[in-house]
Amino acid sequence: MSNADALPLFSGVITALVTPFKDGEVDYAAFKQLVETQIKAGVHGLVPVGTTGETSTLSMDEHKEIVRLCVEVAAGRVKVIAGAGSNNTAEALELARHAKTVGADAVLVVVPYYNKPSQEGLYQHFKALNDSVEIPVMLYNVPGRTVIDISNDTIVRLSKLPNIVGIKDATGDLVRMSQLRIAIEPGFSFISGDDPTLLGYMAHGGHGVISVTSNVAPAEMVALYKAAQDGDFATARLWQDKLIKLHKVLFADASPSPTKYALSRLGQTTDEVRLPIVPCAATVRPLVDEAMKAAGL
């Protein structure tokens, strides 16, 4: 049985939720409504307080309350994979324990950033989570933000631990998808963290995407995923062509400022972000408008 045939724990379109702000504070009412909108659009899962959720500028109390609220509002209708990343292993453990306590389905744990650990350091960081907290752990490899790239050998080694259940791969390297699929036992969740390459990632055997674009176009992303899952790549390419401008322009300024601007245009949140991120640049806003129109929004 190949990984393509196995049933992974996580698959589909999983939205990397923004954290709405209003007058400098977390807008919990808007967050609850955002969760409802996503679920009604048919997404398969939610990631609160990931990179797109501006977790690096949230207080610990805000972080924990957003996770708790996401689990409460989702109420088992979709999977909740709580962001629990830190470059401090003890803090990552605290966030993972909280996620388990409030009923999250799993945690998403980014490669430790800034302190540049060795591959053995990465292994021990994730092994500490595996050993200390009885909750499924999804690795998050995003070397563009963390500097360190978790190697294929380390990923394969970690996949043998019982609570390490999948990876969010934001490298954009589709060849690695095939290399890892061959090397890892069936049932491991291969999730793209790069919206523009989702189509290719699924063709290589991937199971879905943790998506920024689905904040703005959830139903459209679900349609793309379902077409690719069904092997209808002609239809999937049509959706890709409608969404490709949006995929790219949401990163034309520091994320998530273009995404929050797009959501403000849809009346779902303000465009507020927290420093050191600033609101979407005036030069980028027309590009977001144009991309939204191309996507049929």
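Keep in mind that this is a model prediction, so the values were computed, not measured.

### A few points about the packing of helix α9 (residues 218–229) against helix α10 (residues 233–249)
- Relative orientation of the contacting elements α9 and α10 amounts to 145°, with a least axis distance of 8 Å. Once α9 is placed against α10, the crossing between them reads as left-handed. Residue-level contacts link E220, M221, A223, L224, A227 and A228 of α9 to F233, T235, A236, W239, Q240, L243 and H247 of α10.
- Across the contact of α9 with α10, the residue classes tally to 9 nonpolar, 3 polar and 1 charged.

### Let's talk about the packing of α10 against helix α12 (residues 285–294)
- Across the interface, α10 lies against α12 with an axial gap of 7 Å and an inter-helix angle of 155°. Between α10 and α12, the crossing angle belongs to the class labelled roughly antiparallel. Handedness of the α10/α12 crossing: left-handed. Facing α10, whose interface residues are K242, K245, L246 and V249, α12 presents L287, V288, E290, A291, M292 and A294.
- Among the residues forming the contact of α10 with α12, the class breakdown is 7 nonpolar, no polar and 3 charged.

### Describing the pattern of salt bridges
- Inspection of the entire model under this criterion finds 12 salt bridges.
- Of the charged contacts in the structure, one is a salt bridge between E36 and R77, with a shortest N-O distance of 3.0 Å. Taken together, the residues span a long stretch of sequence, with E36 in helix α1 (residues 28–40) and R77 in the loop between α2 (60–74) and β5 (79–83) at a distance of 41 residues.
- Assessed through its relative accessible area of 43%, R77 is described here as partly exposed.
- The closest approach of N and O atoms between R265 and D289, which form a salt bridge, is 3.0 Å. Taken as a pair, R265 in helix α11 (residues 257–265) and D289 in helix α12 lie far apart in primary sequence, 24 residues in all.

### A look at the side chain of S257
- Here S257 lies in helix α11.
- Reaching out from S257, the side chain makes a polar contact with the backbone oxygen of A254 at a distance of 2.7 Å.
- Among all residues touching S257, those that are not within four sequence positions of it are V273, I277, V278, P279 and C280.

### Quick word on the UniProt feature "active site" (unreviewed entry) in the protein chain
- Taking the numbering used here, the UniProt-annotated feature "active site" (unreviewed entry) corresponds to Y140 and K168. The greatest C-alpha distance among the residues just named is 4.7 Å, despite their covering 29 residues of sequence, which places them together in space.
- Considering the arrangement of structural elements, one finds Y140 in strand β7 (residues 137–141).
- Given the relative accessible area of 8%, Y140 is considered buried.
- Setting aside anything within four residues of it in sequence, one finds Y140 in contact with T51, L108, V109, V110, V111, K168 and A170.
- Residue position: K168 is located in strand β8 (residues 164–169).

### A short note on the sheet that holds strand β1 (residues 12–16)
- A barrel is described by the order of its strands in space; here 8 strands give the closed sequence β1-β4-β5-β6-β7-β8-β9-β10, paired in parallel fashion. For this sheet, the mean inter-axis angle between neighbouring strands, taken without regard to orientation, is 25°.
- The pairing of strand β4 (residues 45–47) with β5 spans 2 bridges and is parallel. Across the sheet, G45 pairs through a bridge with K79, a residue of β5.
- Contacting β1 and β10 (208–211), α9 runs over the sheet at an angle of about 150° to β1.

Conventions and cut-offs
- Residues numbered from 1 in each chain as written.
- Predicted model: local features only at pLDDT ≥ 70, side-chain atom pairs only at ≥ 80, totals over all residues.
- Heavy atoms only, no water.
- Axes fitted to C-alpha atoms, helices over the stretch in contact; angles between N-to-C directions.
- Helix = DSSP H or I, 4+ residues; strand = E, 2+ residues; numbered from the N terminus.
- Left-handed = near helix turned anticlockwise from the far one by under 90°.
- Contact = heavy atoms within 4.5 Å.
- Nonpolar A, V, L, I, M, F, W, Y, C, P; charged D, E, K, R; others polar.
- Parallel < 35°, antiparallel > 145°, perpendicular 65-115°, else oblique.
- Salt bridge = Lys/Arg side-chain N within 4 Å of Asp/Glu carboxyl O.
- Buried < 20%, exposed > 50% of the residue type's maximum accessible area, 1.4 Å probe, protein only.
- Polar contact = N/O pair within 3.5 Å; in protein donor to acceptor, adjacent residues only side chain to side chain.
- UniProt positions renumbered as here; feature names shortened; annotations may be inferred.
- Pairing = 2+ DSSP bridges.

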